[in-house]
Amino acid sequence: MNLFGDPAVWLPLVFAGLMGLSILIYVVLDGFDLGVGVLFPFAEDDEKDRMIASIGPFWDANETWLVLAIGLLLVAFPSAHGAILTALYLPVAIMLIGLILRGVAFEFRVKAPIKHKASWNNAFFIGSMMTSLSQGFMLGMYIMGLEYTWATFAFACVTAVFLTVGYSFIGACWLILKTEKQLQLKSVKWAKGGIWGLVLGLGAISLASPLVSPRIFEKWFSFPEAILLAPLPIMSALLVGLLWIALRKLPTKDDSWAWFPFVCSIVLFTLSFFGLAYSFYPYVVPEQITIYEAASAPESLFIILVGTVFVLPTIIGYTVLAYTVFRGKATELTYD
């Protein structure tokens, strides 16, 4: 079969790639600002203001990628959208409540009277925790095939905790990049603690994925796949080692390496994502529905692709512009 000659083959693959790209960018970008919220209880009041300032110009743009990913799932793979959201209805609802609570708290904490500021800070933390934990729970259930048993529920709870710790880690790395002085020192300590939760989470997912599915086990441990895929875990282990060495030496006097932990964490998240994508391909609903079975009609996908050609560069441009304009250390965030 000519892969690029049959639209029923290459169009679902293109949309799976676009959806995967959207999810990856969302996890990295919204992951760090969720992580900043998770770290709120460990900071002083003035430090919380600077933490909010570090994500202020970006958090709403980051969430755009979640909207894009869910939109692509709905229009390109409608049957998979129904199956996934049916199985994950409650955690999705909790995530949406958390995102709303975060957004409201973000705006009101700046404008509210001083006596109410602590309450809005708590609301921001609670919203961040609700969102992070629910996303981790959904990841665990997805890996387990969206089937609810005591074992899969327990695993999903474990991944909920580990993903939240992972978000706190990348959030701490972001703060190392965007802050200075005492808050930067604290962020280095937070990152040193969070890296172990990240490692444990990656290890748990890496072990569970092949064990829960003979197909995934075969994809990773048959020959020659095991040799060809060996660079993924080797590179991940190397990155963890480099991160640990870098965190022991930060902050430097000239602050020249403050970017390194954040960039390393992005690469680590990216490698993990590609590992998961390889494991589950061609299934969009694990072991149930492939991307080709779930895809809309090729005629519909082609029309959607034309729209995506215009929408995706706009979102990318907006994101790049925001990060370019507000580069450098975080300054005071005001609405005056």
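Higher on the page you've got the structure.
These remarks concern the structure in this document. Residues take numbers from 1 onward in each chain, read along the sequence in its written order. pLDDT decides what is reported in this predicted model: residues at 70 or higher carry local features, side-chain atom pairs at 80 or more are listed and counted, and totals for whole chains, interfaces and linings draw on all residues regardless. Calculation of side-chain values draws on the structure's entire complement of heavy atoms; hydrogens and water are dropped beforehand.

### Some details on helix 9 (residues 214–221)
In this scheme, a residue with accessible area under 20% of its type's maximum is buried, one over 50% is exposed, and one in between is partly exposed, where area comes from a 1.4 Å probe on protein chains only. A run of H or I in DSSP becomes a helix once it reaches four residues, and a run of E becomes a strand once it reaches two; helices and strands are each numbered from the N terminus. Where helix 9 is concerned, the buried positions are I216, K219 and W220. Relative to the axis of helix 9, the buried residues are bounded by an arc of 90 degrees and lie together on one face. Of the exposed residues in helix 9, the ones pointing more than 90 degrees away from its buried face are P214 and F221. Whether two residues are in contact is decided by their heavy atoms, any of which lying within 4.5 Å being enough. Contact partners of the buried residues in helix 9: helix 8 (181–212), helix 10 (225–228), helix 11 (231–249) and helix 12 (260–280). Note: the arc covers the axis-to-C-beta directions of the helix.

### Digging into the packing of aromatic side chains
Any Phe, Tyr or Trp ring, taking Trp's six-membered ring, that has another such ring centre within 6.5 Å forms a pair; planes under 30 degrees apart are called stacked, those over 60 apart edge-to-face, and the others tilted. The full count for this structure, using the stated rule, is 20 aromatic pairs. Each ring, one from W257 and one from F260, has its centre 5.8 Å from the other, and the planes form 70 degrees; the classification is edge-to-face. By relative accessible area, which is 46% here, W257 ends up partly exposed. Every member of this aromatic cluster is reached through a ring pair, and the members are F32, F58, W174, F262, Y323 and F326. The rule is short: NZ of Lys or CZ of Arg within 6 Å of the ring centre and within 35 degrees of the ring normal puts a charge over the ring. Over the ring of Y278 we find K219; its NZ or CZ atom is 4.5 Å from the centre of that ring.

### A few points about unusual backbone geometry
The omega angle of the peptide bond from L250 to P251 is -5 degrees, so this bond is cis rather than trans. Along the chain, P251 falls in the loop between helix 11 and helix 12. The step from Y281 to P282 runs through a cis peptide bond, and the omega angle for that step is 10 degrees. Unusually for a residue other than glycine, K181 sits at a positive phi of about 60 degrees. Inspection of the secondary structure assignment puts K181 in helix 8. According to the relative accessible area criterion, K181 is exposed, its value standing at 68%. Phi at E287 takes a positive value of approximately 60 degrees, unusual for a residue other than glycine.

Read these as layout, nothing more, since geometry by itself doesn't imply function.
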